[in-house]
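Breakdown of the fold
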Amino acid sequence: MEQVKCLIIGSGPAGFTAAIYTSRANLSPVLYEGIEPGGQLTTTTEVENFPGYPDGVLGSVMMDDMRRQAKKFGADIRYGVVTSLDLSQRPFKAIVDGTTEIEAESVIVATGATAKYLGLPSENKFRGMGVSACATCDGFFYRGKDVAVVGGGDTACEEATYLASICRKVYMIVRKPYLRASEAMQERVRNTPNIEVLWEHNTIEVLGDEDGVTGALLRGADGSERTIDIMGFFLAIGHSPVTDLVKGQLELDEQGYIVTVPGTSRTNIEGVFAAGDVRDPHYRQAITAAASGCIAALDCERFLLK
Ligand code: NDP
């Protein structure tokens, strides 16, 4: 069975930064990229707030850069999904793609987070047929059409303004009488004429036929109902941490995020570290994820030296 010093699970900014630091520290890290190589940033467009890119950079390009940087120092970056993880004793045991077993002296969990859905049966029925949680991935299919975005945070505003640049009209379905997004994002929405915000509205049903989504049935705060005609229904209502591998083994908070010792990446199991969105319900930025990947690498290095 293959034995590694440091196993990194996840390929977002946290995982790749941990790989850069641990490879430079001669820990010969092995990183498994998971189902979505490059992580959530590969589904965004331009990243304008990562220091060092004054002209902005495409999320996918930034992740390619991080991958190349980690490889340059010898990190072993592999396609593959860690399908089970046994943290009950050291060395820890991982199974990749249901078949390959690996033993690891330390593990950095950087599995990130995934998009939330409303939980309506009709939403599920039309997933991939007009219902999507990634405007930048799927917006192209709705060129010139009318679409809706659910949510009032930065993601919803970003996706709505992106969709407005390719679609005819974008409804924003916001359950509160205000947006939670930053002022800069709100201003972008206000300055985009083909976005209409439907304040204090909730989606009751996604409507459609055999060809996909045709509309949505909404209810306003006063109880009145209305239907909007749309072909795309985009969710932007936040994310859930990806913790299936570690549930029942690592301590999680009430929202399901991995709990770490404050100011460190240490989990309740010695030798297991957490980095990035999987442990961060608050900031969820590429730069904070990268920083926590660095912290995890340094914590891991100190642990292995002991
Ligand atoms: P947020 O948690 O910030 O916002 C979620 C939005 O969805 C809120 O408006 C919330 O409403 C709404 N919502 C949640 N559940 C439901 C539901 N069941 N039905 C209807 N609406 C619902 O998530 P984001 O993904 O927008 O942002 C996450 C983090 O990432 C934030 O810190 C954000 O600042 C950051 N971010 C930064 C960006 C940037 O700087 N370029 C871009 C994107 C994200 P309510 O307000 O009522 O709770």
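For the structure itself, consult the block above.
Everything in this summary refers to the structure shown in the same document. (Residues numbered from 1 in each chain as written. Predicted model: local features only at pLDDT ≥ 70, side-chain atom pairs only at ≥ 80, totals over all residues. Heavy atoms only, no water.)

Turning our attention to the packing of helix H5 (residues 154-164) against helix H6 (residues 183-190). Close contact between H5 and H6 brings their axes to 9 Å; oriented N to C, the two are set at 30°. Looking at the two axes, H5 sits roughly parallel to H6. As H5 runs across H6, the sense of the crossing is left-handed. Contacts between H5 and H6 involve Asp154, Cys157, Glu158 and Thr161 on the former and, on the latter, Met185, Arg188 and Val189. In terms of residue class, the contact of H5 with H6 is made up of 3 nonpolar, 1 polar and 3 charged. (Axes fitted to C-alpha atoms, helices over the stretch in contact; angles between N-to-C directions. Helix = DSSP H or I, 4+ residues; strand = E, 2+ residues; numbered from the N terminus. Parallel < 35°, antiparallel > 145°, perpendicular 65-115°, else oblique. Left-handed = near helix turned anticlockwise from the far one by under 90°. Contact = heavy atoms within 4.5 Å. Nonpolar A, V, L, I, M, F, W, Y, C, P; charged D, E, K, R; others polar.)

As a structural note, the neighbourhood of the ligand is formed by 21 residues, with Gly152, Asp154, Thr155, Lys176 and Arg180 the closest of them. Within the backbone of Gly152, a nitrogen or oxygen atom sits 2.8 Å from an oxygen atom of the ligand. Within the side chain of Arg175, an N or O atom sits 2.9 Å from an oxygen atom of the ligand. When residues of the shell around the ligand are assigned to their parent elements, the largest contribution, 3 residues, is made by H5. (Near = heavy atom within 4 Å. Polar contact = N/O pair within 3.5 Å; in protein donor to acceptor, adjacent residues only side chain to side chain.)

Before going further, it helps to spend a moment on a positive patch on the surface. A cluster of like positive charges, contributed by Lys116, Arg175, Lys176, Arg180 and Arg284, occupies part of the molecular surface. Here Lys176 lies in the loop between strand S12 (169-173) and H6. Exposure remark for Lys176: the relative accessible area of 36% places this residue in the partly exposed category. (Patch = residues over 30% accessible without salt bridge, like charges linked within 9 Å, V, L, I, M, F, W, Y side chains within 5 Å. Areas by Shrake-Rupley, 256 points an atom, 1.4 Å probe, with all protein chains shown as cover. Salt bridge = Lys/Arg side-chain N within 4 Å of Asp/Glu carboxyl O. Lys, Arg positive; Asp, Glu negative; His and termini not counted. Charge placed at Lys NZ, Arg CZ, Asp CG, Glu CD. Buried < 20%, exposed > 50% of the residue type's maximum accessible area, 1.4 Å probe, protein only.)

For the rest of this paragraph, the subject is the environment of Ser292. Within the secondary structure layout, Ser292 lies in helix H7 (residues 286-305). For the pair Ser292 and Gly263, spaced 29 residues apart in the sequence, the C-alpha separation amounts to 9.7 Å. Apart from the residues within four sequence positions on either side, Ser292 is in contact with Ala275, Gly276 and Arg279. Engagement of the side chain of Ser292 in a polar contact is seen with the backbone nitrogen of Gly276, the distance being 2.6 Å.

What follows deals with H6. Structural remark: α-helix, 3.6 residues per turn; residues separated by three or four positions point the same way. Inspection of H6 places Met185, Gln186 and Val189 among the buried residues, and these make up the whole buried set. Buried residues of H6, viewed axially, fall in a sector of 100°; they line one side. Facing away from the buried surface of H6 by more than 90 degrees, the exposed residues are Ala184 and Arg190. Packed against the buried residues of H6 are H5, S12 and strand S13 (195-198). (Arc of directions from axis to C-beta.)

Right, let's get into the side chain of Gln186. Tracing the sequence through the fold places Gln186 in helix H6. Of the residues examined, Gln186 reaches a relative accessible area of 15% and is grouped as buried. A polar atom in the side chain of Gln186 sits 3.4 Å from the backbone oxygen of Leu179. Engagement of the side chain of Gln186 in a polar contact is seen with the backbone oxygen of Ala181, the distance being 2.8 Å. With near-sequence residues (within four places) excluded, Gln186 lies in contact with Leu179 and Ala181.

For the rest of this paragraph, the subject is unusual backbone geometry. Excluding glycine, residues mostly have negative phi values, and the peptide bonds linking residues are mostly trans. Pro91 follows Arg90 through a cis peptide bond whose omega is -5°. Here Pro91 lies in the loop between strand S6 (82-86) and strand S7 (92-96). The backbone of Ser28 shows a phi angle near 45°, a positive value even though the residue is not glycine. Within the fold, Ser28 resides in the loop between helix H1 (13-24) and strand S2 (30-32).

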